[in-house]
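# Notes for the structure review
Residue-level listing of the chains:
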Amino acid sequence: MANKEDAEPATRRPRSVRVNSLFSEDELIEDYYDAPPAIGGSSWSDDVPCSGSIPGDGMEGPSADLPLSPTIKAGWLDKNPPQGSYIYQKRWVKLDADYLRYFDSEKDAYSKRFIPVSSISRIASVGDQKFEVVTNNRNFVFRAESDADRNEWIRTLQQIVEERKSKAPDRTSVSLSTNGAADPADKSGFLELRGFKHKLFVAVAGDKVFLYKNAEDYRLGIGITYIEMNVGNVKEVDRRGFDLTTPYRIFSFSADSDQEKEEWVEAMQQSIAEALSNSEVAERIWAVESNRFCADCGSPKPDWASINLCVVICKRCAGEHRGLGPGITKVRSLKMDRKVWTEELIELFQHLGNAVANQFWAANVPPSEAIAPTSSSCERRRFLIAKYREGKYRRYHPLFGNQQELDRALCAAVTTSDLAETQALLFCGAAVTCSTGDPQCPTPLALAEKSGQRLQMEFLLHNKTSEMPRLELGGSEEKPYSVPLPSVTHHGFLYKTPSMAKPVGERKGQEEFSRRWCTLQDGVLSYYESDRNAVPNGEVRAEEIVCLVSHPPHAHGIESTFEVYIESERLYLFGLESPDAAREWLKSIAKSFVHPRAEELLALDFERIGRLHYKGGLNLERAKEGWFALAGSSLHVCLEDGERQEPLQLRKLQELSIQGDNEVLVLVERRRTLYIQGERKLDFLGWVQAIQKAAGSSGDTLSEQQLTESDVPLLVDRCIGYITQCGLTSEGIYRKSGQNSKTTNLLEILRRDARSVRLKEGEHQVDDVANTLKRFFRDLGDGLFTGRWGKDWLRATALEDEEAKIGEYRRLLSTLPTVNRATLKALINHLFRVQLFSSENQMNTHNLAIVFGPTLFQTDGKDYKAGRVVEDLINHYMKIFDVNDQEMKKQQDEIMAIMKMREAASSGTQQAGDFICTVYLEEKKTEAEQHVKIPATMTAEELTFEILDRRKIVMKEKDYWSCFEVNEREEAERPLHYSEKVLPILHCLGTESYLVVKKQLSMENMLIYLASRVGDCKHGMMKFREERNLLGLGLSTGFHDRYFILNHTCLRLYKEVRSLKQWNPPLENVSREAPGGSAGVCRGSCALCPYKAARGQPQIQSYSTCVSITGVLHVPEQPSLPSPVTGGALA
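Scoring rules and cut-offs
- Residues numbered from 1 in each chain as written.
- Predicted model: local features only at pLDDT ≥ 70, side-chain atom pairs only at ≥ 80, totals over all residues.
- Heavy atoms only, no water.
- Helix = DSSP H or I, 4+ residues; strand = E, 2+ residues; numbered from the N terminus.
- Buried < 20%, exposed > 50% of the residue type's maximum accessible area, 1.4 Å probe, protein only.
- Contact = heavy atoms within 4.5 Å.
- Pairing = 2+ DSSP bridges.
- Axes fitted to C-alpha atoms, helices over the stretch in contact; angles between N-to-C directions.

So, on to the overall build of the chain. Looking only at helices and strands, the chain has 30 helices and 40 strands in total. When each of the 1131 residues of the chain is scored for burial, the buried share is 54%. By sequence separation, contacts in the chain at least 24 residues apart represent 62% of the contacts at least 6 residues apart.

Take a look at the structure:
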């Protein structure tokens, strides 16, 4: 039998592959399909659970969550495939009032194909339990289980089709009209969908998103599936990509450009909002005949409105209305902006509405300039500018041009119910705040109130800040926002200084402030000479504001002050005597200019909030705009993609520096790096100073210090780290006093900015550093044990039962603040290490307790209770601080390794004995453990060979084995460079990290990739840090700009650009690791790094090293490569 659907070639595929396709198996086209891996029988992709896991009953599947049209009939049918094949596939078929759809199973959420009921021309029986559904261009053949079932399907389909034909189409979904053309969609076009070589045609219409194989199918209305947006969520994921997420599937789309992506995201967000909206207000306003069609283009069912112009408009015209600005038109949704629709406003639209409004605004529209529902955005924009901004088509009032008479007539009109007269007067020049001459009712609004004219009052209130139409020679300026900002209203008196073009350097006295009446309404902050003035002295538009700053109390002559920075490099200083009132102004102004995607920042008790340009992540090619809020020592960030970011803890930064000519602020955390750019010097300088201040130590208590990631003051960590490396065997350590002047100077530098200090052997003496640490604790505000709990610690020493004493210490430890608890553990751990070498340094537990007891408790030393506490903490370190045997053994092994390496360094030999550690084969299991002696010279390659030899594993062709460093806490791993020394790595690992030898599964792909990039070259400046210490424990010289040249054979590093004199240190030295996860050299932890193949396999020398650019590896203009790194590098 002939079948039009069969005209399209199809490739038969096994069911296990077919179920991963958007297309039906019988309509799959090879060129369109790029199959993702099949998982669990899912009919979509690996992002969703298998169909069997989707909740739903046998008839409706997801109906409990998706409010679809009621299902009229559903059941299993066999569907005939194309090209006349007699092999049928079972399909779950559902019929509702709009569509005939078929699925792989009754539990699938999304169909393989949908056929609009309106496109079905006839249904006919074709024998053998089969029936044919005939559309305008294609036939679909189904087979039932019996003749009776077939006849029931035919009868039901014919009934629904006849009912549909008898009714005028009144649907918001994309469906076929009587002429075969599709209803216009809100947004349509081609998008890439993950898993497909060719693009799909996507249409956003109303509260649904429709997917079609091509534009022709879209025109015919026969699609693949549609997505109900009441369960959808849209999220931008990269420069051109975005995800549409539902409970049943993640649709990963990619657009052709950034702008296209933004348009698609906005359209889908509007669709979600429409799906969740309420139609009660719309139905009441549509009750007026003229309001059922757009006032501008005539589109039916307009669900947006301009509340000051009193016109009901469609979504496409509403988008262009926004571009005119809130001074011309205030756009609101009939369905979503529920709070704005008061009873008075609804009645106003019922009395005025489109008919009356257009008698004024569109009284003289030439037919050649009118727009229609199909008009383009440019045509709409041109028409709306002429209609509302210029007033080109309005009906001029007879009093036009006579301001005095217009104002007098307005005062008379507002006392009546003639809203049309008020509208004509107001938009022909009458001043809404004109003087009435009546002291009791000084404004038209007061007159309307006195006269009881509620609707006149409502109309005047919404037009209080409206701009009068006027012809303009130039076009409108482009607005910086594509999304309307919230409308915020606030007013009151503020103290204000004249605007400035430079930072406020000196304290402003009270006499330098002037009292001004200020209003914030519809995105405009206006200031007047007094509350009786109608014309403002000046104004600041919300879209021009880039930063808002709150000052501490009494920073100036007025108690509470704040600054407003604008695009044109000006700042305004305002003040109030009431801190609460000032905070209300701050919140209101912030809400008026902060982008909706960053509204979560408004809930913070911020000191500074605004927008800045930044670069971050792996894409450093283009600066993006983000929103930042500084609250205390935390910098909260809302980036361009809208994804929620953890705030940056400024006191825990690894680096804070300024690059270039004070143009880029670099913030480096362990896991991310942010480059903040100074597009505007005035507010950027303020941000830099504020962030630098917040990132420093702000007081003398522990919580106010710069901290490590583990909440230990950086000052303490620096001193402990240096003494651990250089002073464990120093005789009399902590008992001997260093030079007082050097101690004072070092403590001052560390207090000011410990982050920038690197303690170096030879430059700093051990006793000076030890004395600095003791003095820090002695001068500490509130002490290490805190004033509240200090005496309880001392009383605990009187307990005679040792277990009871340990229990009390554990209880008291839990009461300490987080920073105090972490600091105490770090210090006692350090002292525990020191006393292990008491035979050399002469400082046993008792001697250390004598020194540190009075220091930590800040006593005079006459009472030994303080020393007893310290002695008990050291002796019972493992029990009190919950240190397990494995962690203790690791600490002891680390100490021994340090000593051996120091001995090796002092003796001039690299051999310093062996160190035994546990390495796993393929995975972390007890049976996979291998205990290996690690000499100081052993490389990752040698360790790999050792493990394979022990297990007698024979290398096969194209087998590539590597040693990996795994961090369980961060769920991250990285392959070691084959030439890396293993011993330093072992002693930089935390307790949650280990080494494992396993196959490098991505090597074959990397070889192919490198072979294809022979001609590639990249060069330029990058930040680089070289480590020069023994174990990488904090003796870095910092980051420096270096010039790099990268090609397919190597990565070359030059010290300076002038001479291009190559600095080519030994490769194994270049690839050293920074300490304890700090940013530094990446040691081959990225997909572009080489790995030497084991056992006679080819040696890859292509990339000799990878350099971390202040913590982030970035090689621009390189396509992604399957990487062995899971979750990122550990560097």
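With that settled, the discussion passes to the environment of His846. The topology assignment puts His846 in helix 23 (residues 845-857). When its relative accessible area of 35% is taken as the criterion, His846 is described as partly exposed. Put simply, His846 and Ile874 are 28 residues apart on the chain and 9.4 Å apart in space, counted from C-alpha to C-alpha. Those residues in contact with His846, other than ones at most four positions away along the chain, are Tyr864 and Glu871.

The subject of this paragraph is the sheet that holds strand 15 (residues 304-306). Strand pairs in the sheet, formed through backbone hydrogen bonds, run parallel or antiparallel to each other. One open sheet holds the 3 strands; their spatial order is 16-15-17, and the pairing between them is antiparallel. Single-partner strands in this sheet number two, and they are strand 16 (311-313) and strand 17 (331-333). On average, each strand axis in the sheet is tilted by 30° relative to the strand beside it, whichever way the strands run.

Strand order in the open sheet made by the 7 strands is 4-3-2-1-7-6-5, with antiparallel pairing throughout. Each edge of the open sheet carries a strand with a single partner, namely strand 4 (113-116) and strand 5 (120-127). Geometrically, the sheet is characterised by an average inter-axis angle of 35° between neighbouring strands, direction not taken into account. Examined bridge by bridge, strand 1 (residues 73-79) and strand 7 (residues 139-143) share 2 bridges and lie antiparallel to one another. By the bridge assignment, Lys79 is partnered in strand 7 with Phe142. The sheet contacts of helix 2 (residues 147-166) involve strand 1, strand 2 (89-95), strand 3 (99-103), strand 5 and strand 6 (130-135), and relative to strand 5 the element is tilted by about 165°.

Okay, the pairing of strand 18 (residues 490-496) next. Here strand 18 runs beside strand 19 (residues 514-521); their pairing, made up of 7 bridges, is antiparallel. Across the sheet, residue Leu494 finds its bridge partner in strand 19, namely Arg516. Taken together, the 2 bridges between strand 18 and strand 24 (residues 570-576) define a ladder with antiparallel strand orientation. Across the sheet, Tyr495 pairs through a bridge with Gly575, a residue of strand 24.

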